[in-house]
Amino acid sequence: MNSMEKAKRRYDETEIPEELSGRIQEEIRKADLKRNRILAFRRGLRGSAAAAAAAAVVFTAALNTSTAFAETAGSLPVIGAVARVLTFRSYEEEGEDLKISVEIPSVEMISEDFSGLEQSVNEEILNLCEQYADEAKLRAEEYRKAFLDTGGTEEEWAAHNIEIRVWYEVKSQTDTHLSLAVMGTENWTTAYSQTRYYNFDLENGRLLTLEDVLGENYKEISDEEIRRQMKEREQNGAVYFDSFEGIDENTPFYLNEAGNPVIVFEAYEIAPGSEGQQEFEIN
């Protein structure tokens, strides 16, 4: 019996309690209201998305039949009655010398008025996650070949414990905004790490820009504050390149719990790789 069959048998045999928590019942009710639109969205996804849609159907079934699964679902991030983030697809692959872990999120807008934004963003996130996982796996395979071709042994390669991870993180959530980060990393190199941020205006059903948050002078405000913080950090031993020319409209950011934008620079972008990712909160 494989691991999938064992897992299915475990939750099939789990005794269903007389009452699920009020929160889970509410989530089920909301899911019922949204089912037709969600299914329509999933049918529209192409290629590998069909498998993800099947996984989402299993999610709904498990939520109604498994106590443990329901308790897990109850802890998912929920934003009032406006929007929520669910794990749309999750899987792991583990071989003798490579481990891949993928969690793909799906943003669900409760308001029907925002359905166009929801579908386009979810399609983009799905494609982003699957593309990163595929390309990272190819890079690891090429790295393995080069390692062995230059004299490395299988035992030495196995000691690398190569891991590829794709996952997401809700940076902040309120009644008015949702800030979501989707990330991909490879533990053997930081050169290909990737993070995409999505900042939702939940009042108007669109993605926020820095100008929306800071006003028309967002560039001047951000550049001044970033340079001030860089100078402060340099006094404590940090190192930055002299080539920082300021941000632009495409510079990534997320909103923190205080509602302030946090501007993000990946490793090597404005500082040596040893300094890692750099973040600057703009009050």
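See the structure printed just above.
Residues numbered from 1 in each chain as written. Predicted model: local features only at pLDDT ≥ 70, side-chain atom pairs only at ≥ 80, totals over all residues. Heavy atoms only, no water.

## As for the pattern of salt bridges
Next up, step 1: Tallied over the entire structure, the rule returns 13 salt bridges.
Next up, step 2: Among the charged side chains, a salt-bridge network with shared partners connects Asp201, Arg206 and Asp212. (Salt bridge = Lys/Arg side-chain N within 4 Å of Asp/Glu carboxyl O.)

## Describing the environment of Ile270
Next up, step 1: Counting through the fold element by element, Ile270 comes out in the loop between strand E9 (261-265) and strand E10 (278-281).
Next up, step 2: On the basis of relative accessible area, Ile270 is assigned to the buried category, the value being 5%.
Next up, step 3: Counting along the chain gives 28 residues from Ile270 to Asp242, while the straight-line C-alpha distance between them is 8.2 Å.
Next up, step 4: In contact with Ile270, other than residues within four places in its own chain, are Tyr240, Phe241, Phe244, Phe265, Gln278 and Phe280. (Helix = DSSP H or I, 4+ residues; strand = E, 2+ residues; numbered from the N terminus. Buried < 20%, exposed > 50% of the residue type's maximum accessible area, 1.4 Å probe, protein only. Contact = heavy atoms within 4.5 Å.)

## Structural notes on unusual backbone geometry
Next up, step 1: If you check the backbone angles, Asn161 has positive phi at about 50 degrees while not being a glycine.
Next up, step 2: Even without a glycine there, the phi angle at Tyr268 is positive, about 80 degrees.
Next up, step 3: If you trace the backbone, Tyr268 turns up in the loop between E9 and E10.

## Here's the deal with the side chain of Asn260
Next up, step 1: In this structure, Asn260 sits in the loop between strand E8 (253-255) and E9.
Next up, step 2: Of the polar contacts made by the side chain of Asn260, one reaches the side chain of Asn283; its length is 3.1 Å.
Next up, step 3: Setting aside chain neighbours within four positions, we find Asn260 in contact with Tyr254, Leu255, Glu281, Ile282 and Asn283. (Polar contact = N/O pair within 3.5 Å; in protein donor to acceptor, adjacent residues only side chain to side chain.)

These figures capture arrangement, not role.
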